[in-house]
Amino acid sequence: MSEFLAPELQELGITPFFLQQLHALSADGVVGRVACERRGEYEVMSTRGLVRASLSGRLEHSLPDDDWPTVGDWVVVEPAEPVGRIHHVLERQSVLRRAGVDGTSRAQNLAANVDLCGVVGALSDGDQHVRRRALNPRRIERYLMTAENSRIPALVLVNKADVVSAEEAERALLELHESLPSARVLLVSARTGQGLAELSAELSPGSSAVLLGSSGVGKSTLVNA
């Protein structure tokens, strides 16, 4: 059971909520957190590094669709080569869901056990149409509603502060505040590092964030920064 307190798992965000479940299970196997899913196969971060696994036959037949593992879930894996088996999926503290994109009412799980949802927009030095597309209040509002409906705190990240003047950036922030008066907004630049200290302060050790936003706003660059 001391494995559950390993520094690697603490860095991944294991908390007493999950430790209590693990002690109640008394299950053998490798404890880890789902990093990604590809066609029914999962990559799980653990004390043994990245472990490949798929759902056990029992879970395939017993788990409702909404409870299948998603990124951020804690699981117990029986390792094997080349692919192990997930035998337990721990109860979630939170799950970020969005409405179905296929025209149905079925929601889609985006990530589990998230502490902060970063909604990313971007400034642009292009024409008015380009600027509006990069920092669209209505699109940002939809992402904020997704976070609110999932009961996850949200922070709007206005990226690429370095591509416009300080005056233009301030004007864009004022316009965004007028459209979304209750939103928390932070001006950042992944290139220059502006605002990244404030963003880091939002994330305590072991906490998890997810970034939502349109293509091209700099989500990957922010993660790398």
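Residues numbered from 1 in each chain as written. Predicted model: local features only at pLDDT ≥ 70, side-chain atom pairs only at ≥ 80, totals over all residues. Heavy atoms only, no water.

Colleague: Just to check I follow, could you spell out the environment of Ile-14 for this structure?
Modeller: Residue position: Ile-14 is located in the loop between helix H1 (7–12) and helix H2 (16–25). Looking at Ile-14, the relative accessible area reads 11%, which means it is buried. Each C-alpha atom, one on Ile-14 and one on Ala-172, is 39 Å from the other, the two residues being 158 residues apart in sequence. (Helix = DSSP H or I, 4+ residues; strand = E, 2+ residues; numbered from the N terminus. Buried < 20%, exposed > 50% of the residue type's maximum accessible area, 1.4 Å probe, protein only.)

Colleague: Even after reading the chapter, I still don't get H2, so can you show me in this structure?
Modeller: Because each turn of an α-helix spans 3.6 residues, side chains separated by three or four positions end up pointing in the same direction. The complete set of buried residues in H2 reads Phe-18, Leu-19, Gln-21 and Leu-22. What you see down the axis of H2 is that its buried residues fit within an arc of 160°, all on one side. Along H2, exposed side chains directed more than 90 degrees from the buried face belong to Pro-16, Gln-20 and Ala-24. One or two steps after H2, the chain reaches Ser-26, where phi turns positive at roughly 50°. (Arc of directions from axis to C-beta.)

Colleague: Whenever I open this one, the sheet that holds strand E2 (residues 41–46) confuses me. Can you help?
Modeller: Two pairing modes exist for strands in a sheet, parallel and antiparallel, and in both the strands are linked by backbone hydrogen bonds. Here we have five strands rolled up into a closed barrel, ordered E1-E2-E3-E5-E4, and mixed in their pairing. Averaged over all adjacent pairs, the angle separating strand axes in this sheet is 55°, with direction ignored. Sheet topology note: the strand E1 (residues 30–38)/strand E4 (residues 74–78) ladder contains four bridges and is antiparallel. For Arg-33, the partnering residue across the bridge sits in E4 and is Trp-74. (Pairing = 2+ DSSP bridges. Axes fitted to C-alpha atoms, helices over the stretch in contact; angles between N-to-C directions.)

Colleague: For this particular structure, what's the right way to read the nonpolar core?
Modeller: Burial of nonpolar side chains together is a common tendency in soluble globular proteins. Cys-117, Leu-123, Ile-140 and Val-158 are the most contacted members of the largest nonpolar core, which has 24 residues in total. Elements represented by at least two residues in this core include exactly strand E8 (116–122), helix H5 (137–149), strand E9 (154–159), helix H6 (166–179) and strand E11 (209–212). In terms of residue count, the dominant contributor to this core is H6 (four residues). Excluding residues that lie within four positions of it along the chain, Ile-140 makes contacts with Val-119, Leu-135, Val-156, Leu-176 and Leu-180. Membership of the second largest hydrophobic core comes to 13 residues, among which are Ala-122, Val-188, Leu-196 and Val-217. (Core = buried A, V, L, I, M, F, W, Y, C linked by side-chain atoms within 4.5 Å. Contact = heavy atoms within 4.5 Å.)

Colleague: Which parts of the structure should I look at to understand the environment of Ala-134?
Modeller: Relative to the assigned elements, Ala-134 resides in helix H4 (residues 128–134). Residue classification places Ala-134 among the buried residues on the basis of a relative accessible area of 18%. For the pair formed by Ala-134 and Arg-171, sequence separation is 37 residues and the distance between their alpha carbons is 15 Å. Aside from chain neighbours lying at most four places away, what touches Ala-134 is Gly-121, Ala-122, Ser-124 and Val-217.

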